[in-house]
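Summary of structural features
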Amino acid sequence: MIDAIILLIVLVIMIFAVKGTIKHFKGEGPCCGGGSGSLTVKEDKKLTNPKIGEKIIQIEGMHCEHCCDNVTAALNRLNGVSAKVNLKKKCAVVSYDRAVDDGVLKRTVESAGYTVVSIH
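Computed from a prediction, not measured in an experiment: that's the story for all the values here.

1. Regarding the pattern of salt bridges
All told, the structure shown has five salt bridges when counted by the stated rule. The shortest N-O distance in the salt bridge between D44 and K84 comes to 3.5 Å. Pair noted here: D44 is in the loop between α1 (2–26) and β1 (53–60) and K84 is in strand β2 (residues 81–86), with a separation of 40 residues, a long-range link.

2. What about helix α3 (residues 102–111)?
Looking only at α3, the buried set comprises L105, T108 and V109. Buried residues along α3 cover an arc of 95 degrees about the axis, so they all sit on one side. Facing away from the buried side of α3 by over 90 degrees, the exposed positions are R107 and S111. Among the structural elements, β1, α2 (65–76), β3 (91–96) and β4 (115–119) are those in contact with the buried residues of α3. Capping the start of α3, D101 holds a side-chain oxygen 3.1 Å from the backbone nitrogen of G103, two or three residues further along. A positive phi of about 105 degrees marks G113, the residue just after α3.

What counts, and where the lines are drawn
Residues numbered from 1 in each chain as written. Predicted model: local features only at pLDDT ≥ 70, side-chain atom pairs only at ≥ 80, totals over all residues. Heavy atoms only, no water. Salt bridge = Lys/Arg side-chain N within 4 Å of Asp/Glu carboxyl O. Helix = DSSP H or I, 4+ residues; strand = E, 2+ residues; numbered from the N terminus. Buried < 20%, exposed > 50% of the residue type's maximum accessible area, 1.4 Å probe, protein only. Arc of directions from axis to C-beta. Contact = heavy atoms within 4.5 Å. Polar contact = N/O pair within 3.5 Å; in protein donor to acceptor, adjacent residues only side chain to side chain.

Here it is, written out as structure tokens:
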């Protein structure tokens, strides 16, 4: 009887694990600790001054739209920076209206939990 109960508990746990994994790979669930799976990113951030340049950051570790939202929100918190992140291309296009150090961009992306491959 005890064996049957333990087997039933393990079976229930396995079912929930498989369901979560399927949602993860379909992109329907939060793969990176996103809680409800939704992170509200406001409209595209507008630069206050004229754009003086653009950088492309190649990023590893993004798996879903929630990851893109995390990177976008982190970069958009920087003064003078407006970012658009593309999951398929694994990159962020960063427009800026003042000088922005590559090290600051790299630390910002990495502090959000992702790996910067290159900045150009």
